[in-house]
Amino acid sequence: MCSFLKKLILVTSPPACGKTFVSKQISKALDHIVYLDKDTLIGLSKQIFVVANEEYNRSSDFFEEHIRNYEYEVIVELALEALDYDSKVLINAPFTRELRDKEYMHNLKKKLMKKGAELVVIWVETDIEVCHQRMIARASDRDTWKLDNWDEYIAGCNFERPEEINDPSCVDDILIFKNSSQEEFNASIHDIVDKLNDN
């Protein structure tokens, strides 16, 4: 990693890869960390659907136009503010488009530099069929459209590692958390927590 004392840690992946469980277990294993979950904002987002008299569908054009990007803006602003008070902040959120948007990531890193902080991305890598089964098991209303239109939904997901953001000048700025089995989870959390604690 780069030589910053503070870190913004993004735990990211397509939905149902296990981000939330992974994020919480990493957070519990680290000292001086603020945990933020973008899903906490869903309650507010649901109310926007109600007020607008729109069907609750987080894959809809309405969500894309009026809600999605604002959720990300708010969670990042909360994280940047939290870095004034603690040395590590972890955001649990997909960041599926943002990670592959070089301008967005460049601007985020510039904001972090002003805070004396570096960016660490933890990409949760999970087999697609494992994700499918986990999504069925969690039985969340946010997944209704996805499960009913699985082939269409999964065709729009990118499970490739986000190599676009790799910075050759930084060691371990992208960490891969393999999470298709308990054995992979055990190995990954040990390795990644060690790396985060060593820097």
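Structure: see above.
Before going into details, it helps to say that this report is about the structure given with it. Everything numeric here is computed off the predicted structure, so don't read it as measured data. (Residues numbered from 1 in each chain as written. Predicted model: local features only at pLDDT ≥ 70, side-chain atom pairs only at ≥ 80, totals over all residues. Heavy atoms only, no water.)

With that out of the way, let us pick up the overall build of the chain. A tally of helices and strands in the chain yields 9 helices and 5 strands. Starting at the N terminus, the α and β elements of the chain follow one another as β-α-β-α-α-α-β-α-β-α-α-α-β-α. Rg of the C-alpha trace for the chain: 17 Å, near the compact-globule value of 16 Å for 199 residues, within the 12% margin. If you line up the chain on its principal axes, its C-alpha atoms span 50 × 35 × 30 Å. (Helix = DSSP H or I, 4+ residues; strand = E, 2+ residues; numbered from the N terminus. Rg over C-alpha atoms; globule rule 2.2 N^0.38 Å.)

Burial runs high along strand S3 (residues 88–92): 5 of the 5 residues are buried. Residues of S3 alternate between two faces, with Lys88, Leu90 and Asn92 on one and Val89 and Ile91 on the opposite face, all of them buried. As judged from the 5 bridges shared by strand S1 (residues 6–12) and S3, these two strands associate in the parallel manner. Following the sheet pairing, Val11 is matched in S3 by Asn92. (Buried < 20%, exposed > 50% of the residue type's maximum accessible area, 1.4 Å probe, protein only. Pairing = 2+ DSSP bridges.)

Turning our attention to empty space enclosed by the protein. Regions of empty space are outlined by a rolling probe, equal in size to a water molecule, passed over the atoms. Tallied over the full model, the rule gives 1 cavity of 30 Å³ or more. Here the largest cavity is characterised by a volume of approximately 30 Å³. Around the largest cavity, the lining residues are Lys109, Leu119, Val121, Ile165, Asp173 and Ile174. Here the lining of the largest cavity is composed, by residue class, of 4 nonpolar, no polar and 2 charged. (1 Å grid on protein atoms, 1.4 Å probe; cavity = no way out; pocket = protein on both sides within 12 Å on 5 of 7 lines; lining within 4 Å. Points joined across faces, edges and corners; volume = space filled by probe spheres on them. Nonpolar A, V, L, I, M, F, W, Y, C, P; charged D, E, K, R; others polar.)

On to the sheet that holds strand S5 (residues 174–178). Across the sheet, 5 strands lie side by side as S2-S3-S1-S4-S5; this open sheet has parallel pairing. Of all strands in the sheet, those bounded by a partner on one side alone are strand S2 (33–37) and S5. The sheet shows a mean angle of 20 degrees between the axes of neighbouring strands, direction not considered. Both S1 and strand S4 (residues 117–125) contribute to a ladder of 7 bridges, which runs parallel. Bridge assignment links Val11 to a residue of S4, and that residue is Ile122. Those strands touched by helix H5 (residues 102–114) are S1 and S4, and its axis lies near 135 degrees from that of S4. (Axes fitted to C-alpha atoms, helices over the stretch in contact; angles between N-to-C directions. Contact = heavy atoms within 4.5 Å.)

The next point concerns helix H4 (residues 68–82). Given a rise of 1.5 Å per residue, 15 residues ought to cover 21 Å, and the 22 Å separating the end C-alpha atoms of H4 matches this to within 8%. Regarding H4, the residues found buried are Arg68, Glu71, Tyr72, Ile75, Val76, Ala79, Leu80 and Ala82. One face of H4 carries all of its buried residues, which in axial projection span an arc of 160 degrees. The inward-facing, buried residues of H4 abut S1, S2, helix H2 (42–51), helix H3 (61–66), S3 and H5. (Expected span 1.5 Å × (residues − 1). Arc of directions from axis to C-beta.)

This next bit is on unusual backbone geometry. Of note, the phi angle at Phe95 is positive, near 50 degrees, even though the residue is not glycine. Its location among the elements puts Phe95 in the loop between S3 and H5. For Ala139, which is not a glycine, the phi torsion comes out positive at approximately 50 degrees. Relative to the helices and strands, Ala139 is located in the loop between helix H6 (128–138) and helix H7 (144–148).

Any functional reading would require information beyond the geometric quantities listed.
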